[in-house]
Amino acid sequence: MSKTWRPATQLVHSGTLRSQFGETSEAIYLTQGFVYDTSEAAEARFKGETDGFIYARYGSPTNDMFEKRMCALEGAEDARATASGMAAVTAAILCQLKAGDHIVAARALFGSCRWVVETLAPKYGIECTLVDGRFVENWEKAIRPTTKVFFLESPTNPTLEVVDIAAVAKLANQIGAKVVVDNVFATPLFQKPLELGAHIVVYSATKHIDGQGRSLGGVILSDKQWIDENLQDYFRHTGPAMSPFTAWTLLKGIETLPLRVAQQTANAAKVADFLAGHPGKVARVIYPGRKDHPQADIIAKQMTGGSTLVAFELKGGKEAAFKLQNALEIVRISNNLGDSKSLITHPATTTHKNLTDEARAELGISPGTVRFSAGIEDSEDLVEDFARALEQVSA
């Protein structure tokens, strides 16, 4: 496979394996185990002396194709596909830590991610400090002699804050810590954390990679040495493996990723501009593609595109947010994102409802905050849908 291929070509062809039948579409290998010609061959396979698959929990040909395709896109040496995005996040963090270690994490995280570092990890003696990740000095102040992992998402969920990945990675390298980046909101098309100095990248493949509301999935990408030394045994023995059928579904979804994300991003930008034009009802609009984003300078440095997501705040609080969402006809209410269908979410009562009022306020999530995930519909239809719905909201 050519290393000079551009993303759209990589996502159709990279990592493809074909059986003796020469199929065009990737095959689904729905098998739990594999057979060996001889006992000696089985022994050699388990010793690692010969290449090949052993058990579907460890890997399968279909999963291998998906992992290799993601590596080609991300510029990673190796990857492991998981059953969900949260399985990827949990494995990437816990596989490299032990009791007494310390995590520094950006406080602006998806609710379940924050639960992993703030609630789950301490149960195993792993301490965590949450910081306002927008400012590098906060990461530096939180460092302890036992700090082993920096964890962040950028742009963040749901307020689309941005973390300077290169600056955080430079700091981590000074103390021998690893930087784990949840890159879902940027997509692998608009941001390359490994090129910016991060060590591990995780995705919820449920989002843009599938992009059609069908499958749960996740993936962890890094260099081969880190995966061999940290993730491999954890992955084999705890069993977060992706189903081969899911891997096949994601292989089909990822072929159209550039087409979908391009349309979604254009739609998001148009809706963001429309909302920004109604200051009487909309208190603020946060979109990485707009010049008025508070961290536009960092975005210009580390992202090559905007986002498929828009965050905005209605002046009428929860009542206004609910009225807007309920009045939309094309855009559907859902806690998912990255779908071909446009979706809208009220974070304070769904994805971030388990946080305290104070914690939500720290993150900029007010009762009027709404998260819009642009689909691939016609942009004019989406703007008209928002215009109709906004009429239901009191000024």
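The shown structure was predicted, so the numbers you read here are calculated from the model rather than taken from an experiment.

About the thresholds
Residues numbered from 1 in each chain as written. Predicted model: local features only at pLDDT ≥ 70, side-chain atom pairs only at ≥ 80, totals over all residues. Heavy atoms only, no water. Core = buried A, V, L, I, M, F, W, Y, C linked by side-chain atoms within 4.5 Å. Buried < 20%, exposed > 50% of the residue type's maximum accessible area, 1.4 Å probe, protein only. Helix = DSSP H or I, 4+ residues; strand = E, 2+ residues; numbered from the N terminus. Domains from an automatic or database assignment. Contact = heavy atoms within 4.5 Å. Polar contact = N/O pair within 3.5 Å; in protein donor to acceptor, adjacent residues only side chain to side chain. Pairing = 2+ DSSP bridges. Axes fitted to C-alpha atoms, helices over the stretch in contact; angles between N-to-C directions. Buried area = accessible area lost by both parts, 1.4 Å probe. UniProt positions renumbered as here; feature names shortened; annotations may be inferred.

Asks: Explain the nonpolar core here, please?
Replies: Where a protein is soluble and globular, its nonpolar side chains tend to be buried together. Core analysis: the largest hydrophobic core is formed by 31 residues, its most contacted members being Phe-66, Met-70, Tyr-203, Ile-209, Val-219, Leu-221 and Leu-257. Looking at this core, the elements with two or more residues in it are helix 3 (61-74), strand 1 (78-82), helix 8 (187-190), strand 6 (200-204), strand 7 (218-222), helix 10 (244-254), helix 11 (257-276) and strand 9 (309-314). Of the residues forming this core, the biggest block, five residues, is contributed by helix 3. Domain assignment of the residues forming this core places at least three in each of domain 1 (5-251) and domain 2 (256-390). Contacts of Met-70, omitting those with residues within four sequence positions, involve Tyr-203, Ile-209, Val-219, Leu-221 and Ile-254. Core analysis: the next-biggest nonpolar cluster, separate from the first, contains 27 residues, Ile-103, Val-180, Trp-226 and Leu-231 among them.

Asks: Sorry, what's going on with the side chain of Thr-351 here?
Replies: Within the fold, Thr-351 resides in the loop between strand 11 (343-345) and helix 14 (357-363). Within the structure, the side chain of Thr-351 is placed 2.8 Å from the side chain of His-352, a separation counted as a polar contact. Look past the residues within four positions of Thr-351 in its chain and what remains in contact with it is Phe-110, Gly-111, Asn-335, Thr-345 and Arg-371.

Asks: It is not clear to me how the sheet that holds strand 12 (residues 369-373) should be interpreted in this structure. Could you clarify?
Replies: As a general point, the strands of a sheet are linked pairwise by backbone hydrogen bonds and lie either parallel or antiparallel. Spatial strand order, 8-9-12-11-10: five strands in an open sheet with mixed pairing. Only two strands of the sheet have a single partner each, and these edge strands are strand 8 (282-286) and strand 10 (332-333). As judged from the four bridges shared by strand 8 and strand 9, these two strands associate in the antiparallel manner. Counted as the bridge partner of Val-285 is Phe-312 from strand 9. Its contacts with the sheet place helix 13 (residues 317-327) against strand 9, strand 10, strand 11 and strand 12, and it is angled at close to 130° to strand 9.

Asks: Help me understand the domain arrangement of the protein chain, please; the structure alone is not making it clear to me.
Replies: Quoted interface sizes are often the accessible area lost when the parts come together. Annotation of the protein chain at the domain level lists domain 1 (5-251) and domain 2 (256-390). Distance from the C-alpha centre of domain 1 to the C-alpha centre of domain 2: 27 Å. Every contact between the two is made by 39 residues of domain 1 and, on the other side, 40 residues of domain 2. Interface area for domain 1 against domain 2, summed over the two sides, is near 3100 Å², with a carbon-plus-sulfur share of 61%. Area buried by domain 1 at its contact with domain 2 is led by Leu-160, Phe-190 and His-208, which between them contribute 23% of it.

Asks: Is there a simple way to think about the pairing of strand 12 in this case?
Replies: In the case of a regular strand, side chains alternate between the two sheet surfaces. In terms of burial, strand 12 is a largely internal element, five of the five residues being buried. Burial along strand 12 is two-sided: the residues Thr-369, Arg-371 and Ser-373 and Val-370 and Phe-372 are all buried. Where strand 11 lies against strand 12, three bridges are found, and the strand directions are antiparallel. Along strand 12, the bridge assignment pairs Thr-345 with Arg-371.

Asks: Is there a simple way to explain the side chain of Asp-385 in this structure?
Replies: For Asp-385, the position within the fold is in helix 15 (residues 379-390). A polar contact of 2.8 Å, which involves the side chain of Asp-385, links it to the backbone nitrogen of Ile-330. In this view, Asp-385 contacts Leu-328, Glu-329, Ile-330 and Val-331; residues no more than four positions away in its chain are not counted.

Asks: Could you clarify how one ought to interpret the UniProt feature "modified residue: N6-(pyridoxal phosphate)lysine" (unreviewed entry) in the protein chain in this entry?
Replies: The sites that carry the UniProt feature "modified residue: N6-(pyridoxal phosphate)lysine" (unreviewed entry) are, in the present numbering, Lys-207. Assignment of secondary structure puts Lys-207 in the loop between strand 6 and strand 7. With a relative accessible area of 18%, Lys-207 lands in the buried category. Once you skip the residues sitting within four places of it in the chain, Lys-207 turns out to touch Val-184, Asn-336, Leu-337 and Gly-338.

Asks: Hey, could you run me through unusual backbone geometry in this one?
Replies: The general pattern is negative phi for most residues beyond glycine and trans for most peptide bonds. The linkage connecting Ser-154 with the following residue, Pro-155, adopts the cis geometry, with an omega of -5°. As for its placement among the helices and strands, Pro-155 is situated in the loop between strand 4 (147-153) and helix 7 (165-175). The amide bond that connects Asn-157 to the next residue, Pro-158, takes the cis arrangement and shows omega of 10°. Relative to the assigned elements, Pro-158 resides in the loop between strand 4 and helix 7. Although it is not a glycine, Leu-160 adopts a positive phi angle of roughly 60°. Checked against the element boundaries, Leu-160 lands in the loop between strand 4 and helix 7. Of note in the backbone geometry, Thr-187 takes a positive phi value of approximately 65° without being a glycine.

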